[in-house]
Amino acid sequence: MPPADRPKRFPATIQVNNLSNVPSDYMDPGRWVQLSREVQAALDRPEVSGVIVSHGMDTLEETAFWLDLTVKSSKPVVLIGAQRNASSPDFDGPRNLLNAVRIAVDGQARDKGVMLAMNNQINAARYVTKTHTTNVETFNSGDFGFIGEVYPERVIFTSAPQRRQHIPIRTDKMPDVEIVAMYGGADGAALRSAVDRGARGIVVQALGMGNMNVPMYEAVKYAISKNVPVVVSTRVHNGRVLPSYGFVGGGKTTHEAGAVMADDFKPAKARILLMLLLQGGVSGQADLQAAFSR
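Residues numbered from 1 in each chain as written. Predicted model: local features only at pLDDT ≥ 70, side-chain atom pairs only at ≥ 80, totals over all residues. Heavy atoms only, no water.

A.B. asks: I'd like a description of the nonpolar core, backed by residues and values.
C.D. replies: Judged by nonpolar contacts, the single largest core of 66 residues is most densely connected at Leu67, Leu191, Ile202, Val204 and Phe292. Ranked by residues supplied to this core, first place goes to helix 7 (residues 267-279) with eight residues. If near-sequence neighbours (up to four positions away) are discounted, Phe292 is found in contact with Arg163, Val231, Val260, Met261, Ala262, Asp263, Phe265, Ala270, Leu273, Leu274 and Leu277. By size, the runner-up hydrophobic cluster in this structure holds 13 residues, among which are Met115, Ala117, Ile122 and Val150. (Core = buried A, V, L, I, M, F, W, Y, C linked by side-chain atoms within 4.5 Å. Buried < 20%, exposed > 50% of the residue type's maximum accessible area, 1.4 Å probe, protein only. Helix = DSSP H or I, 4+ residues; strand = E, 2+ residues; numbered from the N terminus. Contact = heavy atoms within 4.5 Å.)

Here it is, written out as structure tokens:
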């Protein structure tokens, strides 16, 4: 192999903390709170360059975004997983782990927030999402693209995430926030039921730029009348929700009724942000909207 193509060798001391060993489908606010505290404690140690979190694939993007909101440090936090089983001859786990270590010790990785590193690609936590059930190139960031790549001899960053915020964890038990889907013929019953069961917040997975039918719109108004904030997101992969359409149930009418527009947050991440805002004492449409638009 020509010298220019040889991977750089570097000294790296790795300390393993087996915090949890469950399918990622079992991740919940309680486990996220614990993980944030462990990650923050590790980053606060002066000898630590960064933290790597090995995680299952199904909720990897949610955990990444949670950590991006709750951990405060210039040091990198890199999440990895493996799309292929360890018994597969082309298991991708070792490569992802090696790349994560290389990112964690690279000075360029500072102040980039939480990242997800798989398939030699680096995604920012805010935008990354899983797009394929089996393909190793499953994670991408839609219109915003990767923020960097890992090559045999170096890590290259091409951009840094700008729209980030920090929300301190103030409680061990997060408020209950439910996601309710809008679809053709939805009657709003699931949304009303969530409110009646005691949900503290609702995220509606609406259509298009944040639109819904009349029964769902009436259910949104019911939630707001009970002082339960409603955030309107969309099932569309890319783009923002906007208060544009003026028909009953359109984004303009739900916003005027008191709902918050999720901007470009998709439902799962909008739920995490709303949950953290509520536990931090943020309430009211104007303050919640400011946080989602930040």
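A.B. asks: A description of the sheet that holds strand 11 (residues 230-234) should follow, citing residues and the corresponding values.
C.D. replies: Where strands meet in a sheet, backbone hydrogen bonds hold them as pairs that are either parallel or antiparallel. Ordered in space as 9-10-11-12, the four strands form an open sheet in which the pairing is parallel. At either margin of the open sheet sits one strand with a lone partner, and together these are strand 9 (177-181) and strand 12 (260-261). Relative to strand 10 (residues 201-206), strand 9 runs parallel, the two being bridged by five bridges. Along strand 10, the bridge assignment pairs Val177 with Gly201. Sheet contacts for helix 4 (residues 189-196): strand 9 and strand 10; angle to strand 10, the most-contacted strand, approximately 170°. (Pairing = 2+ DSSP bridges. Axes fitted to C-alpha atoms, helices over the stretch in contact; angles between N-to-C directions.)

A.B. asks: Give me the lowdown on the sheet that holds strand 7 (residues 148-150), citing residues and values where you can.
C.D. replies: Taken in spatial order, the six strands make up an open sheet running 1-2-3-4-7-8, and their pairing is mixed. At either margin of the open sheet sits one strand with a lone partner, and together these are strand 1 (51-54) and strand 8 (155-157). Ignoring which end each strand starts from, the neighbouring axes of this sheet average 25° apart. Relative to strand 1, helix 1 (residues 29-43) is tilted by about 150°, and along the sheet it contacts strand 1 and strand 2 (77-80).

A.B. asks: Mind laying out the environment of Arg197, listing which residues take part and the relevant values?
C.D. replies: Looking at the secondary structure, you find Arg197 in the loop between helix 4 and strand 10. On the basis of relative accessible area, Arg197 is assigned to the exposed category, the value being 55%. Taking the C-alpha atoms as reference points, Arg197 and Asn227, separated by 30 residues in sequence, lie 14 Å from one another.

A.B. asks: Can you tell me about the packing of helix 7 against helix 8 (residues 285-293), naming the residues and giving the values?
C.D. replies: For any two helices packed against each other, one specifies the crossing angle of their axes together with the interaxial distance. Interhelical geometry of helix 7 versus helix 8 gives an angle of 135° and a closest axis separation of 11 Å. Between helix 7 and helix 8, the interaxial angle falls into the category oblique. The handedness of the crossing between helix 7 and helix 8 is right-handed. Across the interface between the two elements, Ala270, Leu273, Leu274 and Leu277 of helix 7 pack against Leu288, Ala291 and Phe292 of helix 8. Of the residues belonging to the contact of helix 7 with helix 8, the class tally is seven nonpolar, no polar and no charged. (Parallel < 35°, antiparallel > 145°, perpendicular 65-115°, else oblique. Left-handed = near helix turned anticlockwise from the far one by under 90°. Nonpolar A, V, L, I, M, F, W, Y, C, P; charged D, E, K, R; others polar.)

A.B. asks: So what's going on with the side chain of Thr59? Residues and values would help.
C.D. replies: For Thr59, the location among the structural elements is in the loop between strand 1 and helix 2 (60-70). Setting aside anything within four residues of it in sequence, one finds Thr59 in contact with Ser24, Asp25 and Met27.

Scope: geometric values only; no functional claims are made or implied.
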